[in-house]
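The primary structure of each chain is shown beneath.
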Amino acid sequence: MENPAQQLRIDGTRLWQSLMQMAEIGATPAGGCNRQALTDEDRKGRDLFVRWCREIGCEIRVDRMGNIFARRSGTDNDLPAVITGSHLDTQPTGGKFDGVYGVLAGLEVLRTLEEGGVRTKAPLEVVVWTNEEGARFSPAMVGSGVWAGEFSLDYGHSRMDKSGITIGQELERIGYLGPEPVQPAPIKAAFEAHIEQGPILEKQDQVIGVVTGVQGIRWYDVTFFGTPCHAGPTPMEDRRDPVQAMAWLCEKLYGEVKAYSEDARITCGDLRAEPGSRNTVPEKVVLALDLRHPTPEGLEHLHRTLYRVAEQAQEASGVVIDVREEWFSPPVAFDKDCIEAVDSAVQNLGYSNRKMVSGAGHDSVYISRVAPVSMIFVPCAGGLSHNEAESAEPGHLEAGCNVLLHAMLNSAEA
Ligand code: HGY
Ligand code: MN
Ligand code: MN
Ligand code: MN
């Protein structure tokens, strides 16, 4: 006799409505979301999520990194929990789905079980991780990183934004400096639903991505030290201009990264000149660099290339260049049983699908350090994300959430 829970399906309309209601918090005129970590908008989003979870009887715990755990009890609460979740913080010009989808798909799973009168054996938890994006506070995924033991709590609390405000201060200010220790309880299995944030599923007309791992990421601050001087009287050959050194390095480095492998990625998403006056050659230029590759040796090759090219740029320009590594997240392979739980849910539900590695970092990277985990991807329009035009189809979001429901059920009942 098949388990009646296998007949359950989530309510796609309710999921979509919750996503749109959450998207109103930090909504931007261009149709995106600016709900950066630990801002008032983030607090409002967190409060709304906590209210929704309490409405269906969840117990709420908040730890000292502001990670929120919404727990639905099982019939045997001594069993390790099956968890899901993601993040509510967004990029400054973020969209309505990055991270939020994983949180609200988890909530929709609990709502569906509550409505269907289904109580799983193992307890279930939906988690909101702090500062996944790394846009306001570096590094990314620092809430799950402290929780998994990658960083100390002091390190996590001390991370500053550009105005010198720390994570610890902001957690206190918005009322999410919780009492719980930041450490994992035993976990049976973890799943995270997320938009792909790239073009593969849409291009190949697949509804579900069964995610087998995450590529490696390395962040650097590259500083170019010049001699400030007047933009007018100073002849070009008498200058030590950090912008010229930066241009030389970028030209060379982008060329080498692209020539090395089509899977290699280089991004300079943030750069600043000091003192930042149009008619003064800068004293320094700081480049925030993001390198990625799916394999450890590939990432190591990009790392070494950066240092070699920086040396060459320094010789060519006479400008001193300092490379400081800010963050290193090695490539991760997910757990085969969790991948299998997602895969069998996809087969039973009959959705088109393919296996794939994630190009974006996710909290599941750190969860994988302490628990078995896999991810579920759904397509996003044009593969666009970290962009206010980010969008996804309600039917795809519903499909991914059904896969999440059944992957969690399979794990929680086993
Ligand atoms: O950087 C990333 O891949 C993620 O969005 N934090
Ligand atoms: Mn995300
Ligand atoms: Mn993101
Ligand atoms: Mn991410």
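Residues numbered from 1 in each chain as written. Chains lettered and ligands numbered in written order. Predicted model: local features only at pLDDT ≥ 70, side-chain atom pairs only at ≥ 80, totals over all residues. Heavy atoms only, no water.

**Comments concerning the coordination of the manganese ion (ligand 2)**
A metal bound by six donors in octahedral fashion has ideal angles of 90 or 180 degrees, whereas one bound by four tetrahedral donors has an ideal angle of 109.5 degrees. Coordination of the manganese ion (ligand 2) by the protein involves H87 (NE2), D98 (OD) and H194 (NE2), with metal-donor separations of 2.1 to 2.3 Å. Here the donor residues for the manganese ion (ligand 2) map to a single chain with the spacing H-x10-D-x95-H. A distance of 3.6 Å spans the gap from the manganese ion (ligand 2) to the manganese ion (ligand 3), which D98 bridges by coordinating each metal. In this pair, H87 is assigned in the loop between strand 3 (81–86) and helix 3 (100–115) and D98 in the loop between strand 3 and helix 3, connecting sequence segments 11 residues apart. (Donors = N, O, S within 2.8 Å, 3.2 Å for Na, K, Ca; no water. Helix = DSSP H or I, 4+ residues; strand = E, 2+ residues; numbered from the N terminus.)

**Quick word on the confidence of the model for the protein chain**
Chain-level pLDDT for the protein chain is 97 on average; 99% of the residues reach the 70-or-more range. This prediction of the complex comes with two scores: 0.94 for pTM and 0.89 for ipTM. (pLDDT = per-residue confidence, 0-100.)

**Considerations on the coordination of the manganese ion (ligand 3)**
Donor atoms from the polypeptide that bind the manganese ion (ligand 3) are D98 (OD), E133 (OE), E133 (OE) and H386 (NE2), placed at 2.2 to 2.4 Å. Here the donor residues for the manganese ion (ligand 3) map to a single chain with the spacing D-x34-E-x252-H.

**Quick notes on the site of ligand 1**
Every residue near ligand 1 is listed here: E132, E133, A140, R292, A360, G361 and H386. At a separation of 3.1 Å, a nitrogen atom of ligand 1 approaches a polar side-chain atom of E132. In isolation ligand 1 has 210 Å² of accessible area, and contact with the protein removes 94% of it. For the shell around ligand 1, the residue count by class is two nonpolar, two polar and three charged. (Near = heavy atom within 4 Å. Polar contact = N/O pair within 3.5 Å; in protein donor to acceptor, adjacent residues only side chain to side chain. Areas by Shrake-Rupley, 256 points an atom, 1.4 Å probe, with all protein chains shown as cover. Nonpolar A, V, L, I, M, F, W, Y, C, P; charged D, E, K, R; others polar.)

**Some points on the pairing of strand 13 (residues 373–378)**
The buried fraction of strand 13 is high, at six of six residues. What you see with strand 13 is no split at all: V373, M375 and F377 on one side and S374, I376 and V378 on the other are buried throughout. Here six bridges tie strand 5 (residues 187–195) to strand 13, and the two strands are oriented parallel to one another. Its bridge partner being in strand 13, I195 is matched across the sheet by V378. (Buried < 20%, exposed > 50% of the residue type's maximum accessible area, 1.4 Å probe, protein only. Pairing = 2+ DSSP bridges.)

**Some details on the sheet that holds strand 7 (residues 216–225)**
With respect to topology, four strands assemble into an open sheet ordered 8-9-7-10, the strand pairing being antiparallel. Each edge of the open sheet is held by one strand with a lone partner, namely strand 8 (265–274) and strand 10 (320–329). Adjacent strand axes in the sheet meet at a mean angle of 15° when their direction is disregarded. Strand direction decides the pairing type here: strand 8 and strand 9 (residues 284–293), joined by nine bridges, are antiparallel. When the sheet's bridge partners are listed, C268 is paired in strand 9 with L289. In the packing of helix 8 (residues 242–260) onto the sheet, the strands contacted are strand 7, strand 8 and strand 9, and the crossing angle to strand 9 comes to about 5°. Each of strand 7, strand 8, strand 9 and strand 10 is contacted by helix 9 (residues 296–317), which is oriented at about 165° to strand 10, the strand it contacts most. (Axes fitted to C-alpha atoms, helices over the stretch in contact; angles between N-to-C directions. Contact = heavy atoms within 4.5 Å.)

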